[in-house]
Amino acid sequence: PMEDLIPLLDKDVKAVNKGMDTIDKSLDKAKCKERHFIQGNHEVWLDKFVTRYPYLKQYLTENALKLKERGYEYHPYNRKKLLRLGKLRLTHGKFVGKYHAWKNLDVYGKSIMYGHTHDLQRHTKTFDDNSTISAWGLGCLKDIEKDEDWLGGKPINWNHAFAIVDVFKNGNFKVEIVEIIKGKTTLWGELIDGNK
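The following paragraphs examine the structure supplied in this document.

About the criteria used
Residues numbered from 1 in each chain as written. Predicted model: local features only at pLDDT ≥ 70, side-chain atom pairs only at ≥ 80, totals over all residues. Heavy atoms only, no water. Helix = DSSP H or I, 4+ residues; strand = E, 2+ residues; numbered from the N terminus. Buried < 20%, exposed > 50% of the residue type's maximum accessible area, 1.4 Å probe, protein only. Contact = heavy atoms within 4.5 Å. Pairing = 2+ DSSP bridges. Axes fitted to C-alpha atoms, helices over the stretch in contact; angles between N-to-C directions. Phe/Tyr/Trp six-rings, centres within 6.5 Å; stacked < 30°, edge-to-face > 60°.

Attention now goes to the environment of K66. Looking at the element boundaries, K66 is found in the loop between α3 (61-64) and α4 (67-70). For the pair K66 and Y99, spaced 33 residues apart in sequence, the C-alpha to C-alpha distance is 35 Å.

Inspection of the secondary structure assignment puts H92 in the loop between β4 (88-90) and α5 (100-108). The buried category is assigned to H92, whose relative accessible area is 18%. When neighbours within four sequence positions are excluded, H92 is seen to be in contact with I38, Q39, G40, N41, Y77, Y114, G115 and H116.

Next up on the list: the sheet that holds strand β6 (residues 120-126). Strands sit in the order β3-β4-β5-β7-β6 across an open sheet of five strands; the sheet is mixed. Two strands close off the open sheet at either side, each with one partner strand: β3 (83-85) and β6. For this sheet, the mean inter-axis angle between neighbouring strands, taken without regard to orientation, is 20°. Sheet analysis places β3 next to β4, joined by three bridges and oriented antiparallel. Looking at β4, one finds that R84 is bridged to R89. Strand contacts of α5: β5 (112-114), β6 and β7 (132-138), with the helix running at about 45° to β6, the strand carrying the most contacts.

The next point concerns the pairing of strand β8 (residues 160-167). Judged from the eight bridges that link them, β8 and strand β9 (residues 173-180) form a sheet pairing that is antiparallel. By the bridge assignment, H160 is partnered in β9 with I180. In sequence, β8 turns back onto β9 through a hairpin of five residues, with G171 there showing a positive phi of about 95°.

So, about the packing of aromatic side chains. Scanning the model with the defined rule gives five aromatic pairs in all. An angle of 75° between the planes, with centres 6.2 Å apart, marks the rings of Y53 and Y55 as edge-to-face. For Y55, a relative accessible area of 59% corresponds to the exposed category. Taken together, a centroid distance of 5.9 Å and an interplanar angle of 70° make the contact between W136 and F173 edge-to-face. Within this pair, whereas W136 is found in strand β7, its partner F173 is found in strand β9, the two being separated by 37 residues in sequence. The exposure class of W136 is buried, given its relative accessible area of 6%. Each residue in the set F49, Y53, Y55 and Y59 is aromatic and connected to the rest through ring pairs, giving one cluster.

Right under this line is the structure:
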């Protein structure tokens, strides 16, 4: 019933906005001007809900997460025109399975980064001129233990991680994957402890 569903949606939207506030503060601190939001499969559920109940437009991804107010360029789920940073394409992703990085590279034929699978994986293809393209499964920043219950205790290979991407003037780029283990990582020789 709608009277049960709306409070659940409101709770989730509030939680996601709280997380977005944290990200925004970090981006502000780093003086990051260009911001992008790539819609994922979970946000699509909100949009499908609004399709069914069009009078609840406040639950559309863009509206619920206040993306325009926050200054994000919005990229809907799995569109053919992917976000590009130089020669790197970014998407939420949709392929899963043991060789998802290979699958993404095979389908897109360009260097691509995605997060849909929540685990770390890379596949690279080298050509006869020594040029390469790669696909990166990026991991996630979610509460993995909480979702283990939702998955019924099934073993998972999810990893906490993020990427730093340097894009050069000619479009070439360098990817540095930063893995987080039990809330801690090192970056450029400095320990970062998220448990404090």
